[in-house]
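Topology and contacts: notes
Here is what each chain is made of, one letter per residue.
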Amino acid sequence: QVQLVESGGGLVQPGGSLRLSCAASGRIFSIYDMGWYRQAPGKQRELVATITSGGTTDYADSVKGRFTISRDNAKNTVYLQMDSLKPEDTAVYYCNADVRYMGGYRSRDNWGQGTQVTVSS
């Protein structure tokens, strides 16, 4: 099983920036796609951004041009740089990873515990 540990959330004013990190550990053979999702109160979890092992990225329309996803494959870590934050970005942000484990098993259902991001003046 893989452990995904997120960090970097917090309270920030509108227009500010935050950087989230998510480190994966465990019996990992390789990691395919990694991504960030978010869930605001009363809403469904939604995709924010994804990145392949080769560095190809994809973003939700609502964050394009403001958020940047990146990863360090040597450290099994994915990042989310969030700039020009808006109150509507307030949510719990979750890390996700598509993992091939030692022994060959593969699972996309790997999630971090979530980190709260609050954008408010």
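A few points on the structure. (Residues numbered from 1 in each chain as written. Predicted model: local features only at pLDDT ≥ 70, side-chain atom pairs only at ≥ 80, totals over all residues. Heavy atoms only, no water.)

**Some points on the overall build of the protein**
Keep this limit in mind: Put simply, DSSP marks the helices as runs of H or I at least four residues long and the strands as runs of E at least two long, and each gets a number from the N terminus on. The quantity called the radius of gyration is restricted to C-alpha atoms. Its globule counterpart is 2.2 Å times the number of residues to the power 0.38. Exposure is judged per residue with a 1.4 Å probe applied to protein chains only, and the accessible area is read against the type maximum: over 50% gives exposed, under 20% gives buried, and values in between give partly exposed. The contact definition used throughout considers only heavy atoms, calling two residues in contact when any of these lie within 4.5 Å. Neither His nor the chain ends contribute to the count of charged residues, in which Lys and Arg are positive and Asp and Glu negative. Charge positions come from single atoms, namely NZ of Lys, CZ of Arg, CG of Asp or CD of Glu.
In terms of helices and strands, the protein carries zero helices and 11 strands. Going from the N terminus to the C terminus, the protein shows its helices and strands as β-β-β-β-β-β-β-β-β-β-β. What you see for the protein is a C-alpha radius of gyration of 14 Å, in line with the 14 Å of a compact globule of 121 residues. Here the C-alpha coordinates of the protein stretch approximately 50 × 25 × 20 Å along the principal axes. Here the protein holds 121 residues, and the buried ones make up 42% of them. Here the analysis covers contacts within the protein between residues at least 6 apart in sequence; of these, 55% occur between residues at least 24 apart. Positive and negative charge centroids in the protein, built from 13 and 11 side chains respectively, lie 4 Å apart.

**Some words on the environment of S25**
The topology assignment puts S25 in strand β3 (residues 18-26). Using a relative accessible area of 36% as the deciding quantity, one classes S25 as partly exposed. As for S25 and Q3, which are separated by 22 residues in sequence, their C-alpha atoms are 5.3 Å apart.

**Structural notes on unusual backbone geometry**
In the Ramachandran plot, N76 falls in the positive-phi region, its phi being about 50 degrees despite a non-glycine side chain. For N76, the location among the structural elements is in the loop between β7 (67-72) and β8 (77-82). If you check the backbone angles, S84 has positive phi at about 50 degrees while not being a glycine. Note that S84 resides in the loop between β8 and β9 (91-101).

**Re the pairing of strand β1 (residues 2-7)**
Our working definition: Only strands joined by at least two bridges in the DSSP assignment are considered to pair.
Here β1 shows a buried face lined by V2, L4 and E6 and an unburied face lined by Q3, V5 and S7. As judged from the six bridges shared by β1 and β3, these two strands associate in the antiparallel manner. Bridged to L4 within β3 is A24.

**Let's talk about the state of the cysteines**
Rule in force here: To count as a disulfide, a pair of cysteine sulfur atoms needs to be within 2.5 Å.
Under the criterion given, the structure shown has one disulfide. Covalently, C22 is tied to C95 through a disulfide, its sulfur atoms 2.1 Å apart. Handedness of the C22-C95 disulfide follows from its S-S torsion of about -80 degrees: it is left-handed. Separated by 73 residues along the polypeptide, C22 in strand β3 and C95 in strand β9 bring together distant segments of the chain. Neither residue differs from the other here; C22 and C95 are each classed as buried.

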